[in-house]
Amino acid sequence: MKVMKFGGTSVGSVESILSLKKIVEKEAKHQPVVVVVSALGGITDKLLLTSRLAHKGDEAWKDEFEKMVDRHHKMIDTIITNTVDREILFKEVDALLEQLRSIYFGVYLIHDLSEKTQDAIVSYGERISSRIVSTLVRGSKWFDSRNFIKTVRKNGKHVLHSELTADLVRETFKDLPRVSLVPGFISRDRDTNDITNLGRGGSDYTASIIAAALDAEVLEIWTDVDGFMTADPRVIKTAYTIKELSYVEAMELCNFGAKVIYPPTIYPVCVKNIPIKVKNTFNPENPGSVIRAKVENDRKPIKGISSINGTSLITVTGLSMVGVIGVNRRIFTALANNHISVFMVSQASSENSTSIGVRDEDAQAAADVLNQEFQKEIQTGAMYPMHIEKNLATIAIVGENMKHTPGIAGKLFGTLGRSGISVIACAQGASETNISFVVPSEYLRKSLNVIHDSFFLSEYKVLNIFICGTGTVGGKLIEQIRKQYDELKERSRLKLNVVGIASSKKAIFSRDGIDLATYKEQLAASENSTTEKLVENVIGMNIFNSVFVDCTASASVAGIYQTLLEHNINVVAANKIAASGDYETYAKLKETALVRGVKYLFETNVGAGLPLIGTINDLRNSGDKILKIEAVLSGTLNFIFNKISKDIPFSETVRLAKEAGYAEPDPRIDLSGKDVIRKLVILSREAGYKVEQDDVEKNLFVPEKYFEGSVDDFWKNLPELDAEFEKERKELEKDGRHWRFVAKMENGNTSVSLQTVGQGHPFFNLEGSNNIVLLTTSRYKEFPMLIQGYGAGASVTAAGVFANIMSIANI
């Protein structure tokens, strides 16, 4: 036989209670079942609320009571279709409701609400719901659990009398009908015969007690979720159902906020080695979760993550605590005597402080109790007054395999640290099945997500991306991510979640991800944004595994990198301003990224998608020294000097470069060599040299006067240079030489100049807008390393940015 328990949500609506009927009747065809039911969803809370109103003399209790009557009547009218059955059930239920009304009226008249009366009141929820379900399910027989679930009074509380209850259960169900219908939660005192109960979640406990006494094949807990989840799915979208877990793991998760089953439920069936199945009334075909003594072929060290929000830490501290026996006994005795529950304890090995975790609502009471307990010590200065730290959240990672896996705690705290999450207190038992820690409440969501992702509990690794700039490079990047999204999910189990996109004036954000097919329309419909608002939103989302991608040329956007890195947000920049600006800013950004354990990447600052900066870093990290850099770094200038001919004068090549998208809207930026200077400074710095832009020796080929005035003036005057360029071009052609605008760094000395190169030079055959770099190092001295390829263009630059993003994802 099996025992099936259905919770409040499973009997709370017409849909769920009819699903219950199908589930039970189908199962009863194969074996006898005992069905335990809770009160209709929300009724227990309503019973308590109404009793408080009556106790205060508030006539609103009558309205609340009528609402409960109406709800039960509507449920019966809807689900019981047989007229005779419905009339009989109405008589039974109305008799119970009339009894309840009389009790409320008595409480209202005398303004007294004893524990005995309160227990009697809350029993009506299960007594009525079980009568309804018993009438609904064909062939069921109703049993009054008050006759066989017995409690005794101990330390002011009703506790189960296990032996007597087990005997009575076996006696009651010695001849099992196909369906036995039992109200959960309620019981009777062995000595006084008063109605009592098993406490919140007691229906689970009722089912477990019966299953253990009858040696059931399985205990099934039917609820509104598919089983135990790896984490709260409302917080972690990638959380999934745990197929199997041990009794210990289930108990740890339940104790730390996973409200799937009532924690005491596990003990009776655990002793008898009876498995527990947690299943979904609304999705009965789902296999759910199975809880048993031993889980076979289980390799994951972490089984699930649970959390309690709204917690406080009370710290008891003082020099007199060191080496003194009995301090902890006094702490916990005082709290227990005042019915204050402690769910976590963290003590320093020096013994001079102990931190205890309590609910926010218990924090002040706990501090007052302890201040009173240690009043003398506080007055003499031997101990300090209790310190309360509120607005915290407590998180537990649970898994029996942690004890067989070294480094779990190190990985946990390293993961949190890299995400900028400070751990306030932590605790771990010698059993190593639970590591608990406390963080600020504002970091709860981020903590859960980063842990879930880090320990491979998620089906996919998630990278949350903010993209700033939707022009040529930014637009191409968004398109590349959109096209590659499905393949990365399938092949690399990586989900690229674009959570923010900003243009020069607009911005959109979505924690769940933006639809990249319609981002332009979403941007157009969004409110205006500024750099300040952008920073506020990016940091305010407090999202895990985040990357800020700058595809602009904006100095104000480059100015926010430091703030982002300090908040543990990775930065990928196509924008050259920060890396080529003053050296102190560059060095500070690099240092901050290193200290915070995040990345500041800017590979595309030089050579678009060419692996230049990465190669220089690899050489240096392996012990090599960069001695000299010689490079053609301007795709625009290389295009111009490759295009110039007797038929295409210099001024026309500049115009063609602009039309082809190589040159800036104001081509003077390219012709001034400023862009090349920036790139040379960046390469020199990455090679280990402290270089500023003003340190670069500039030998330019366009006279200074052409950089004055407007862009229109420039285009008007530019043809004046054609004759001189044509004259020099003919000489070069005769000598078999080409122009190249060369950037050079040698032992820290830097320069840019227009040079001529012959046919034997590596730069001679450089085509189109390609870039080329020669690296002379301690190892590559006789034959320098040569890197060559496309050095300009939106697609290759976007691809380089994409590659940087992927390196952060460790793919």
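Residues numbered from 1 in each chain as written. Predicted model: local features only at pLDDT ≥ 70, side-chain atom pairs only at ≥ 80, totals over all residues. Heavy atoms only, no water.

### Digging into the packing of aromatic side chains
Aromatic ring pairs are defined here through the distance separating the ring centres and the angle between the ring planes. The full count for this structure, using the stated rule, is 21 aromatic pairs. Centroid distance Tyr561 to Tyr600: 5.9 Å. Interplanar angle 55 degrees. Geometry classified as tilted. Placement of the pair is Tyr561 in helix H19 (residues 561-566) and Tyr600 in strand E24 (residues 600-601), with a sequence separation of 39 residues. The same class applies to Tyr561 and to Tyr600, which are both buried. Both rings, one in Phe701 and one in Phe725, keep their centres 6.4 Å apart while their planes meet at 90 degrees; by these two values the pair is edge-to-face. Of this pair, Phe701 sits in the loop between strand E26 (697-699) and helix H27 (711-717) while Phe725 sits in helix H28 (residues 722-735), and the two are 24 residues apart along the sequence. By way of ring pairs, the aromatic residues Phe641, Phe650, Phe701, Phe725, Trp739 and Phe741 are connected into one cluster. Here the guanidinium or amino end of Arg127 rests over the ring plane of Tyr124, the centre of that ring lying 4.3 Å away. Taking NZ or CZ as reference, Arg685 lies 5.2 Å from the ring centre of Tyr586, over its face. (Phe/Tyr/Trp six-rings, centres within 6.5 Å; stacked < 30°, edge-to-face > 60°. Helix = DSSP H or I, 4+ residues; strand = E, 2+ residues; numbered from the N terminus. Buried < 20%, exposed > 50% of the residue type's maximum accessible area, 1.4 Å probe, protein only. Lys NZ or Arg CZ within 6 Å of the ring centre and 35° of its normal.)

### Considering the nonpolar core
Judged by nonpolar contacts, the single largest core of 103 residues is most densely connected at Phe548, Tyr600, Ile629, Phe650 and Leu671. Tallying contributions element by element places helix H26 (residues 674-686) first for this core, with six residues. Leave out the neighbours within four places in its chain, and Phe650 touches Ile640, Phe641, Ile644, Leu671, Phe701, Val702, Leu718, Leu721, Asp722 and Phe725. By size, the runner-up hydrophobic cluster in this structure holds 44 residues, among which are Phe6, Phe90, Leu100 and Tyr108. (Core = buried A, V, L, I, M, F, W, Y, C linked by side-chain atoms within 4.5 Å. Contact = heavy atoms within 4.5 Å.)

### A look at the pairing of strand E11 (residues 276-280)
On a regular strand, each side chain points to the face opposite its neighbour's, so the side chains alternate between the two faces of the sheet. Taken across its five residues, E11 has four buried, putting it largely inside the fold. Note that strand E9 (residues 218-223) and E11 share five bridges and pair parallel. The residue bridging Glu220 from the neighbouring strand is Lys277, located in E11. Bridge count between E11 and strand E12 (residues 289-292): three bridges; the pairing is antiparallel. Pairing of Ile276 across the sheet is with Ile291, part of E12. (Pairing = 2+ DSSP bridges.)

### Focus on the sheet that holds strand E23 (residues 570-573)
Strand order across the open sheet formed by six strands is E21-E20-E19-E22-E23-E24, with mixed pairing between neighbours. Each edge of the open sheet carries a strand with a single partner, namely strand E21 (507-509) and E24. Bridging between strand E19 (residues 461-468) and strand E22 (residues 546-550) involves five bridges; their strand directions are parallel. What sits directly across from Asn464, in E22, is Ser546. Here helix H15 (residues 472-492) sits on the sheet and contacts E19, strand E20 (494-502) and E22; the angle it forms with E20, its principal contact strand, is near 160 degrees. Sitting on the sheet, helix H29 (residues 794-808) is in contact with E19, E20, E22, E23 and E24, with an inclination near 160 degrees to E23. (Axes fitted to C-alpha atoms, helices over the stretch in contact; angles between N-to-C directions.)

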